[in-house]
Amino acid sequence: MVISRKPSHFIVAALLAFMPLLSFANDNHGAHTQTTASKEATTAMEKGHEEGHHEGHGEGDIRSEIKQHINHHVLDSHDFTLFADDKTGKHFGFPLPVILWDEELHIFSSSEFHHAENGVVASKGKFYVLSHHDGKIYRTDATGTLTEDAKSGHPTNIRPIDFSITKSVLFIIITALLMFFMFTRLAKSYAKNGGIPKGMVRIFEPLVVFIRDEIAIPNIGEKNYKKYMSYLLTIFFFILFLNLFGLTPLGVNVTGNFTITFSLAILTFLITNLTANKNYWGHIFWMPGVPYLMRIVLAPIELLGVFIKPFSLMIRLYANIFAGHIVIMSIIGLMFIFKSWVGSPLSFGLAFVLSILEILVAFLQAYIFTMLSALYFGSANEEHHHEEAHH
Amino acid sequence: MTIPNIVGAGLIVIGAGLGIGKIGGSAMEAIARQPEASGKIQTAMLIAAALIEGIGFAALFAA
């Protein structure tokens, strides 16, 4: 790729420089809502003093408040809250559509859960309520009773099949559209400009070339790599964009949700096994080059490996992103536990450094997922070893 | 979280940390010996580290 003009250098530099700021803004957002929370906790503590309770009460309150805030952040939700004022109970954001399949189609806005009395929404003669326990929708009666399981505390009501556009789904759609428009523009600019990409989107060309030359060709091989390129590029940029969105103040946690990493891993699993040649299956069920007794022992182990590979892909991406979000949020939360001039700069600095680390992790995890997918595709397409034994 | 869980999680982190540290150290030595092969070494290093990390996370979820 040729970057001949200075402005594009500046744009890339500015973009990179802004990335930590974005994640930084996330911290501020967390801090903002928690400030009101801690104020409330302080007043609660003062009240506790007046009533003659012990002092530990306020501390525990802040802790549970922080825990609640983190839990709310890492989970998916039915409405999009930008920030909330805990004192007045006002939420700034917008509701998202709820789509349920319960013998027939029910569509309503998630804001109805907040507007309706005791949170019960009536739709086509059935009643639904949003559980505060796990944020899921349950079928209920007109008064909104939820029977809870004594052991786990989860509601035991019937759950309709939920196709709602939740926060995660919204961001998957946004990312898909963003990728579609950016990469079609990039592709078109090649034709227009005689082989040289033009505009903002050309910052993606080195990444595309990197995936082809460093990931696809060495792992899959010159002969077969082309049919996997579209999948590898899609999955790389999809994971990368969603990871980076997770670090912005929008407060989404898409790749840190294991239903989503599960479906990504399923895609890799299906493509690996559906495009595999007979050598691949031969290596699993009848390993060449080992004694016959060993082949029988090896077959179940190899078969297990087929399922463990996508499973580890799923766990790795989910756990890395999820853990990153929790650690950053917890460190910001420390500010409200210390409540001193030593604690605040400390947690501020730590959160800043960790946010930068998280950007690295965002790129690294996208790379690893793509890399390992390519490795599995390569192993599914391996030719006979004898010709290239001296290779 | 009970005490055995916490101790187990700590042991897992120690093990995974040692493993990834060994990989990183060996990759550094290898790059110092053969700087021209650094690209290949880095790739192999990342794959090995990712595999250990995967096992580590799986164990952490079990703990």
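For chain B, the name recorded in an unreviewed UniProt entry is ATP synthase subunit c, with Mariniflexile aquimaris as its organism. UniProt, in the comment section headed Sequence similarities (unreviewed entry), describes chain B in these words: "Belongs to the ATPase C chain family."

1. Overview of the overall build of chain B
Along its length, chain B carries 2 helices and 0 strands. A compact globule built from 63 residues should have a C-alpha radius of gyration of about 11 Å, whereas chain B, at 15 Å, is more than 25% larger. Dimensions of chain B along its principal axes, counting C-alpha atoms only, are 50 × 15 × 10 Å. Here chain B, with 63 residues, has 10% of them falling under the buried criterion.

2. A closer look at the overall build of chain A
Regarding its fold elements, chain A presents 10 helices and 8 strands. Pairs at least 24 residues apart make up 60% of the contacts formed inside chain A by residues separated by at least 6 positions.

3. Digging into the UniProt feature "transmembrane region" (unreviewed entry) in chain B
Residue and element names in this part refer to chain B. The residues that UniProt annotates with the feature "transmembrane region" (unreviewed entry) are residues 6–23 and 44–62. With 100% helix and 0% strand, residues 6–23 has its two end C-alpha atoms placed 26 Å apart. Each end of residues 44–62 is marked by a C-alpha atom, and these two atoms are 27 Å apart; helix forms 100% of the span and strand 0%.

4. What to know about the interface of chain B and chain A
The partner chain A presents 7 residues to the 8 residues of chain B that form the contact. Tallied by class, residues from the side of chain B that touches chain A come to 6 nonpolar, 1 polar and 1 charged.

5. Some points on the packing of helix α8 (residues 278–285) of chain A against helix α9 (residues 292–338) of chain A
Residue and element names in this part refer to chain A. Where α8 meets α9, the axes come as close as 7 Å, and the angle between the chain directions of the two elements is 125°. Relative to α9, the element α8 is oriented oblique. For the pair α8 and α9, the contacting residues are His283, Ile284 and Phe285 in the first and Ala299, Glu302, Leu303 and Val306 in the second. The residue makeup of the contact of α8 with α9, split by class, is 5 nonpolar, 1 polar and 1 charged.

6. Regarding the environment of A:Leu82
Residues and elements named next belong to chain A. For Leu82, the location among the structural elements is in strand β1 (residues 79–85). A tally of 12 C-beta atoms within 10 Å means that Leu82 is categorised as exposed. Each C-alpha atom of the pair Leu82 and Asn157 lies 30 Å from the other, and the pair is 75 residues apart in sequence.

7. Overview of the UniProt feature "domain: V-ATPase proteolipid subunit C-like" (unreviewed entry) in chain B
Residues annotated in UniProt with the feature "domain: V-ATPase proteolipid subunit C-like" (unreviewed entry) correspond here to residues 8–61 of chain B. Strand forms 0% of residues 8–61 of chain B and helix 93%; the C-alpha atoms that close the span are 11 Å apart.

8. Digging into the sheet that holds strand β6 (residues 126–130) of chain A
Residues and elements named next belong to chain A. Strand order in the open sheet formed by 3 strands is β5-β6-β7, and the pairing between neighbours is antiparallel. Strands with a single pairing partner mark the edges of an open sheet, and in this sheet they are β5 (120–123) and β7 (137–140). Here the strands of the sheet are splayed against their neighbours by 35° on average, with no regard to which way each runs. As defined by bridge partners, β6 adjoins β7 across 4 bridges and the pair is classed as antiparallel. Each residue of the ladder has a partner; that of Val129, found in β7, is Tyr138.

9. Focus: the sheet that holds strand β8 (residues 161–162) of chain A
Residue and element names in this part refer to chain A. The 3 strands are arranged β4-β3-β8 in an open sheet whose pairing can be described as antiparallel. Taken across any chain shown, the strands that pair with only one partner, and hence form the sheet edges, are β4 (104–109) and β8. Of the strand pairs in this sheet, strand β3 (residues 97–102) and β8 are connected by 2 bridges, and their pairing is antiparallel. Bridge pairing in β8 links Leu100 to Asp162.

10. Let's talk about the pairing of β5(A)
All names here are of chain A. Both β5 and β6 contribute to a ladder of 4 bridges, which runs antiparallel. Along β6, the bridge assignment pairs Val121 with Tyr128. Connecting the antiparallel pair β5 and β6 is a turn made up of 2 residues, with Lys124 showing a positive phi of about 50°.

11. Description of the confidence of the model for chain B
Parts of the model with low pLDDT should not have their predicted coordinates read in detail. Mean pLDDT over chain B: 87, with 98% of residues reaching 70 or higher. In the predicted assembly, ipTM is 0.77 and pTM is 0.76.

12. Some remarks on the nonpolar core
Here is a general trend for soluble globular proteins: nonpolar side chains tend to be buried in one another's company. One finds A:Ala216, A:Leu232, A:Phe236, A:Ile239, A:Phe369 and A:Ala374 to be the most contacted residues of the largest nonpolar core, which totals 45 residues. Residue assignment for this core shows that the elements contributing at least two residues are α5 (205–220), α6 (225–246), α7 (258–274), α9 and α10 (343–380) of chain A together with α2 (38–62) of chain B. Not counting residues up to four positions away in its chain, the partners in contact with A:Phe236 are A:Ile211, A:Ala366 and A:Thr370. Listed in part, the 9 residues of the second largest apolar core include A:Ile62, A:Met329, A:Met335 and A:Phe336.

13. What to know about the packing of α9(A) against α10(A)
Residue and element names in this part refer to chain A. Where α9 meets α10, the axes come as close as 9 Å, and the angle between the chain directions of the two elements is 175°. The orientation of α9 relative to α10 falls into the category roughly antiparallel. Residue composition of the contact of α9 with α10, grouped by class: 18 nonpolar, 7 polar and 3 charged.

14. Examining the pairing of β4(A)
Residues and elements named next belong to chain A. Counting buried residues in β4 gives 0 out of 6 residues, a small share hidden from the surface. As paired elements, β3 and β4 share 6 bridges and run antiparallel to each other. Residue Leu100 lies in a different strand from β4, and its bridge partner there is His106. The turn joining β3 and β4, which pair antiparallel and follow one another in sequence, is formed by 1 residue; a positive phi near 70° is taken by Glu103.

15. Focus on the confidence of the model for chain A
Residues and elements named next belong to chain A. On average, chain A scores 77 in pLDDT, and the residues at 70 or more come to 78%. Within the model, the stretch residues 19–57 combines pLDDT values under 50 with 59 contacts to residues more than four positions away or in other chains. Below pLDDT 50 for its whole length, residues 387–391 participates in 0 contacts with residues either more than four positions away or in separate chains.

The rules behind the values
- Residues numbered from 1 in each chain as written.
- Chains lettered and ligands numbered in written order.
- Predicted model: local features only at pLDDT ≥ 70, side-chain atom pairs only at ≥ 80, totals over all residues.
- UniProt positions renumbered as here; feature names shortened; annotations may be inferred.
- Helix = DSSP H or I, 4+ residues; strand = E, 2+ residues; numbered from the N terminus.
- Rg over C-alpha atoms; globule rule 2.2 N^0.38 Å.
- Buried ≥ 20, exposed ≤ 12 C-beta atoms within 10 Å, placed from the backbone.
- Contact = placed C-beta atoms within 7 Å.
- Nonpolar A, V, L, I, M, F, W, Y, C, P; charged D, E, K, R; others polar.
- Axes fitted to C-alpha atoms, helices over the stretch in contact; angles between N-to-C directions.
- Parallel < 35°, antiparallel > 145°, perpendicular 65-115°, else oblique.
- Pairing = 2+ DSSP bridges.
- pLDDT = per-residue confidence, 0-100.
- Core = buried A, V, L, I, M, F, W, Y, C linked by C-beta atoms within 7 Å.

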